[in-house]
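Spelled out, the chains give:
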Amino acid sequence: VQLQASGGGLVQAGGPLRLSCAASGRTFSSYAMGWFRQAPGKEREFVAAISWSGGSTYYAGSVKGRFTISRDNAKNTVYLQMNSLKPEDTAVYYCAASTRFSTSSTVYPYWGQGTLVTVSS
């Protein structure tokens with residue numbers, strides 16, 4: 001499966017932004033999807049994940065209540081709605097696909113190219 005993330009940009013603190021990740025290739029609904037991020041000088045970290053049908057989700061504690069992951073299997077797309085953004089949310093955001101529903105990046109074999117989100121204070 002090939003993944004293409006988009007929607008990053010510069011936003012003021014407190015503002016919203018929505019990321020999209022379009023998938024092509026094999027059956028999208030066969031994959032759980034995750035969003036991860038990597039800030040400058042830091043390791044990649046888990047942000048959110050959604051199960052194959054969208055019925056279950058996981059969130060990192062740092063984004064819970066502010067970010068919402070969703071998917072549209074008819075459009076082969078997963079979304080990350082980010083609200084109340086903070087400067088510490090600044091990072092490159094990556095979408096990833098796996099046949100397993102997990103918060104661990106090691107189980108995701110397919111990755112998008114990343115999209116940069118910059119939150120100004």
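Before reading on, note that the structure itself is shown above.
Now for a quick tour of the structure. (Residues numbered from 1 in each chain as written. Predicted model: local features only at pLDDT ≥ 70, side-chain atom pairs only at ≥ 80, totals over all residues. Heavy atoms only, no water.)

1. Some remarks on the overall build of the chain
For the chain, the helix and strand inventory stands at zero helices and 11 strands. Going from N to C terminus, the chain has its helices and strands arranged as β-β-β-β-β-β-β-β-β-β-β. For a compact globule of 121 residues, the expected C-alpha radius of gyration is about 14 Å, and the chain comes in at 13 Å, within 12% of that figure. In terms of overall dimensions, the chain has C-alpha extents of about 40 × 25 × 25 Å along its principal axes. Here the chain holds 121 residues, and 45% of them are scored as buried. In the chain, the proportion of contacts linking residues at least 24 apart, taken out of those at least 6 apart, comes to 57%. Total accessible area on the chain is roughly 6000 Å²; 47% of this is exposed by carbon and sulfur atoms. Within the chain, one finds 11 positive and 5 negative side-chain charges whose respective centroids are separated by 7 Å. (Helix = DSSP H or I, 4+ residues; strand = E, 2+ residues; numbered from the N terminus. Rg over C-alpha atoms; globule rule 2.2 N^0.38 Å. Buried < 20%, exposed > 50% of the residue type's maximum accessible area, 1.4 Å probe, protein only. Contact = heavy atoms within 4.5 Å. Areas by Shrake-Rupley, 256 points an atom, 1.4 Å probe, with all protein chains shown as cover. Lys, Arg positive; Asp, Glu negative; His and termini not counted. Charge placed at Lys NZ, Arg CZ, Asp CG, Glu CD.)

2. What to know about the pattern of salt bridges
Tallied over the full model, the rule gives three salt bridges. A salt bridge links arginine 37 to glutamate 45; its shortest N-O distance comes to 2.6 Å. Residue classification places arginine 37 among the buried positions, given a relative accessible area of 5%. Taken together, the shared-partner salt bridges in this structure form one network comprising Arg37, Glu45, Arg66 and Asp89. (Salt bridge = Lys/Arg side-chain N within 4 Å of Asp/Glu carboxyl O.)

3. Considering the sheet that holds strand β3 (residues 17-24)
Taken together, the four strands give an open sheet; going across it, the order is β1-β3-β8-β7, and neighbouring strands pair in antiparallel fashion. Strands with a single pairing partner mark the edges of an open sheet, and in this sheet they are β1 (2-6) and β7 (67-72). With direction set aside, neighbouring strand axes in the sheet form an average angle of 15°. Of the strand pairs in this sheet, β1 and β3 are connected by five bridges, and their pairing is antiparallel. Considered in β3, the bridge of glutamine 2 is made with serine 24. (Pairing = 2+ DSSP bridges. Axes fitted to C-alpha atoms, helices over the stretch in contact; angles between N-to-C directions.)

4. Thoughts on the state of the cysteines
In total, this model carries one disulfide according to the counting rule given. Sulfur-sulfur distance for the disulfide between cysteine 21 and cysteine 95 comes to 2.1 Å. What sets the handedness of the cysteine 21 and cysteine 95 disulfide is the S-S torsion sign, and at about 65° it is right-handed. A residue pair is termed long-range when its members are at least 10 positions apart, and cysteine 21 in strand β3 and cysteine 95 in strand β9 (residues 91-98) qualify at 74 residues. A single burial state applies to cysteine 21 and to cysteine 95, both of which are buried. (Disulfide = S-S within 2.5 Å.)

5. Examining the nonpolar core
Ranked by internal contacts, the top residues of the largest apolar core, which has 38 residues, are Met33, Trp35, Leu80, Met82 and Tyr93. For this core, the elements supplying multiple residues, two or more each, are β1, β3, β4 (32-38), β5 (45-50), β7, β8 (77-82), β9 and β11 (115-120). (Core = buried A, V, L, I, M, F, W, Y, C linked by side-chain atoms within 4.5 Å.)

6. Remarks on the packing of aromatic side chains
This model, assessed by the stated rule, comprises eight aromatic pairs. Judged by centre distance (5.2 Å) and plane angle (75°), the rings of phenylalanine 36 and tyrosine 108 are edge-to-face. Remark: tyrosine 108 occurs in the loop between β9 and β10 (110-111) and phenylalanine 36 occurs in strand β4; sequence separation between them is 72 residues. Of the two residues, phenylalanine 36 and tyrosine 108, neither departs from the other in class, the shared state being buried. Feature note: the residues Phe36, Phe46, Tyr94, Tyr108 and Trp111 constitute an aromatic cluster, connected by ring pairs. Above the ring of tryptophan 111, the side-chain terminus of arginine 44 is found at 4.5 Å from the ring centroid. (Phe/Tyr/Trp six-rings, centres within 6.5 Å; stacked < 30°, edge-to-face > 60°. Lys NZ or Arg CZ within 6 Å of the ring centre and 35° of its normal.)

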